[in-house]
Amino acid sequence: MKVAVVYWSGTGNTEAMANAIAEGVKQENSEVELFNASEFNSSNVAEFDAFAFGCPAMGAEELEDSEFLPMWEEVSGKLSGKRVALFGSYGWGDGEWMRSWEESAPCAVSETYICQELPGEAEEAECRALGARLAG
């Protein structure tokens, strides 16, 4: 199993989640590669069996629109038959951006995970568990 963890992070919160997800994948003895959103495109999709895409809530509970959203729009339609999880952090609201993201995804999403601000020990454990499930 080879998993791509693709994220955008402005403050480091979503990056911390991405790193914990990658640790969970490694715990399952699977391969994992971390990508910033600007480094990933549709030509990478065929190399991986599963994906975790991470973006924090921005503005009025929306995806970051200069790097992450264009990448997501390019690759999401090519993820059919792949395992896909969505994750991200938020500072306000109730996670509306994640619900909207999941509902509008043109691919099947196996699970989502959000945390408020910087993940603590419990949230990092949840992220590792998500990575293990993706790799399992």
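For the structure, check the block above.
Keep in mind the model is a prediction, meaning the values are calculated, not measured. (Residues numbered from 1 in each chain as written. Predicted model: local features only at pLDDT ≥ 70, side-chain atom pairs only at ≥ 80, totals over all residues. Heavy atoms only, no water.)

Here a ring pair, both rings aromatic, is described through the centre-centre distance and the interplanar angle of the planes. Applying the stated criterion across every chain, the model contains eleven aromatic pairs. Note on Phe 40 and Phe 53: the rings are 6.2 Å apart at their centroids and 75 degrees apart in plane angle, and the pair reads as edge-to-face. With a gap of 13 residues between them, Phe 40 in the loop between β2 (31–36) and β3 (50–54) and Phe 53 in strand β3 connect regions that are remote in the sequence. On the basis of relative accessible area, Phe 40 is assigned to the buried category, the value being 3%. Look at Phe 53 and you get buried, because its relative accessible area is 0%. On the basis of an interplanar angle of 90 degrees and a centroid distance of 5.4 Å, the ring pair of Phe 68 and Trp 101 is categorised as edge-to-face. Highlighted residues: Phe 68 in helix α2 (residues 68–75) and Trp 101 in helix α3 (residues 96–104), separated in sequence by 33 residues. For the residue pair Phe 68 and Trp 101, the accessibility class agrees, reading buried in each case. (Phe/Tyr/Trp six-rings, centres within 6.5 Å; stacked < 30°, edge-to-face > 60°. Helix = DSSP H or I, 4+ residues; strand = E, 2+ residues; numbered from the N terminus. Buried < 20%, exposed > 50% of the residue type's maximum accessible area, 1.4 Å probe, protein only.)

Burial of the side chains of strand β5 (residues 111–116) is restricted to one face: Glu 111, Tyr 113 and Cys 115 are buried, whereas none of Thr 112, Ile 114 and Gln 116 on the reverse face is. Here strand β4 (residues 83–90) pairs with β5 via six bridges, running parallel. Each residue of the ladder has a partner; that of Tyr 90, found in β5, is Gln 116. Crossover handedness for the path β4 to α3 to β5: right-handed. (Pairing = 2+ DSSP bridges. Right-handed = clockwise from strand over helix to strand, strands pointing away.)

Turning our attention to the nonpolar core. Formed by 27 residues in total, the largest nonpolar core has its most connected members in Phe 40, Phe 53, Phe 68, Trp 72 and Trp 101. Put simply, the parts of the chain that give this core at least two residues each are β1 (2–7), β3, α2, β4 and α3. Examining the composition of this core, we find that four residues originate from one element, α2, more than from any other. Residue contacts for Trp 101: discarding those within four places in its chain leaves Phe 53, Gly 54, Cys 55, Leu 63, Phe 68, Trp 72, Leu 86 and Phe 87. Core analysis: the second largest hydrophobic core is formed by 18 residues, Val 25, Ala 50, Ala 52 and Cys 127 among them. (Core = buried A, V, L, I, M, F, W, Y, C linked by side-chain atoms within 4.5 Å. Contact = heavy atoms within 4.5 Å.)

Okay, the pattern of salt bridges next. In this structure the tally under the stated criterion is four salt bridges. A salt bridge links Glu 23 to Arg 128; the shortest N-O distance between them is 3.7 Å. In this pair, Glu 23 is assigned in helix α1 (residues 13–27) and Arg 128 in helix α4 (residues 121–135), connecting sequence segments 105 residues apart. Taking relative accessible area as the criterion, Glu 23 reaches 40% and is therefore assigned partly exposed. Of the residues examined, Arg 128 reaches a relative accessible area of 23% and is grouped as partly exposed. (Salt bridge = Lys/Arg side-chain N within 4 Å of Asp/Glu carboxyl O.)

Moving on, we get to the layout of surface pockets. Taken as a whole, the largest pocket encloses approximately 150 Å³ of empty space. Looking at the largest pocket, it is lined by 14 residues, and the ones nearest its centre are Thr 11, Asn 13, Pro 56, Ala 57 and Ser 89. (1 Å grid on protein atoms, 1.4 Å probe; cavity = no way out; pocket = protein on both sides within 12 Å on 5 of 7 lines; lining within 4 Å. Points joined across faces, edges and corners; volume = space filled by probe spheres on them.)

Before going further, it helps to examine the sheet that holds β5. Read from one edge to the other, the open sheet built from five strands follows the order β2-β1-β3-β4-β5, with strand pairing classed as parallel. Each edge of the sheet is formed by a strand with only one pairing partner; in this case those strands are β2 and β5. Ignoring which end each strand starts from, the neighbouring axes of this sheet average 15 degrees apart. Summarising the sheet, β1 and β2 pair through six bridges and their orientation is parallel. Bridge pairing in β2 links Val 3 to Val 32. In the packing of α1 onto the sheet, the strands contacted are β1, β2, β3, β4 and β5, and the crossing angle to β4 comes to about 145 degrees. Seen against the sheet, α2 touches β1, β3 and β4 and runs at an angle of roughly 155 degrees to β3. (Axes fitted to C-alpha atoms, helices over the stretch in contact; angles between N-to-C directions.)

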